[in-house]
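Chain by chain, the residues:
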Amino acid sequence: FPARYEAQYLIGFGLNLNDIEAVLDNDTSKHSKRLYGTEKLVFGPSILAGVDRPILIIRAGTFTSEIISQIKEINPTVEFIT
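Okay, so let's go over this structure. (Residues numbered from 1 in each chain as written. Predicted model: local features only at pLDDT ≥ 70, side-chain atom pairs only at ≥ 80, totals over all residues. Heavy atoms only, no water.)

1. Some points on the environment of Pro2
Structurally, the position occupied by Pro2 is in the segment before helix H1 (5-12). For Pro2, a relative accessible area of 4% gives the class buried. Separated by 23 residues in the primary sequence, Pro2 and Asp25 have C-alpha atoms spaced 4.8 Å apart. With near-sequence residues (within four places) excluded, Pro2 lies in contact with Ala7, Val23, Leu24, Asp25, Arg59 and Ala60. (Helix = DSSP H or I, 4+ residues; strand = E, 2+ residues; numbered from the N terminus. Buried < 20%, exposed > 50% of the residue type's maximum accessible area, 1.4 Å probe, protein only. Contact = heavy atoms within 4.5 Å.)

2. Here we look at the side chain of Thr38
Here Thr38 is to be found in the loop between strand S1 (23-24) and strand S2 (42-43). Among the polar contacts listed, one links the side chain of Thr38 to the backbone nitrogen of Lys40, at a separation of 3.1 Å. Beyond its immediate chain neighbours, meaning those up to four positions away, Thr38 contacts Ile11 and Leu17. (Polar contact = N/O pair within 3.5 Å; in protein donor to acceptor, adjacent residues only side chain to side chain.)

Below you can see the structure in the form of C-alpha cells.
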C-alpha cells in the first residue's frame with residue numbers, strides 16, 4: 001500500500017515480488033489494473049476482510065497512520081510492516 005511510486009521504490013530496491021500477492025490502494029480508478037512495470041494487480045483494501053493475519057507492507061508517508069486505522073476496521077488481524 002499504496003499503488004504508486006512508494007511501491008515501485010521498494011521493488012526497485014529489491015522487494016521480491018514473488019512474495020507479494022497484490023498491491024492495495026484506496027483509489028478505485030487503479031483497481032483491477034496492474035502496478036506499472038509489474039504483473040501485480042491493484043485492489044481495494046476490502047479484499048483483506050476475512051483473511052487470517054495478512055501481512056501488509058505500507059509506505060504512505062504522512063498518511064500511514066490514517067491508512068492503518070482504516071485497514072484495522074476492515075481486518076483487525078492485519079500485521080503491518082512500516
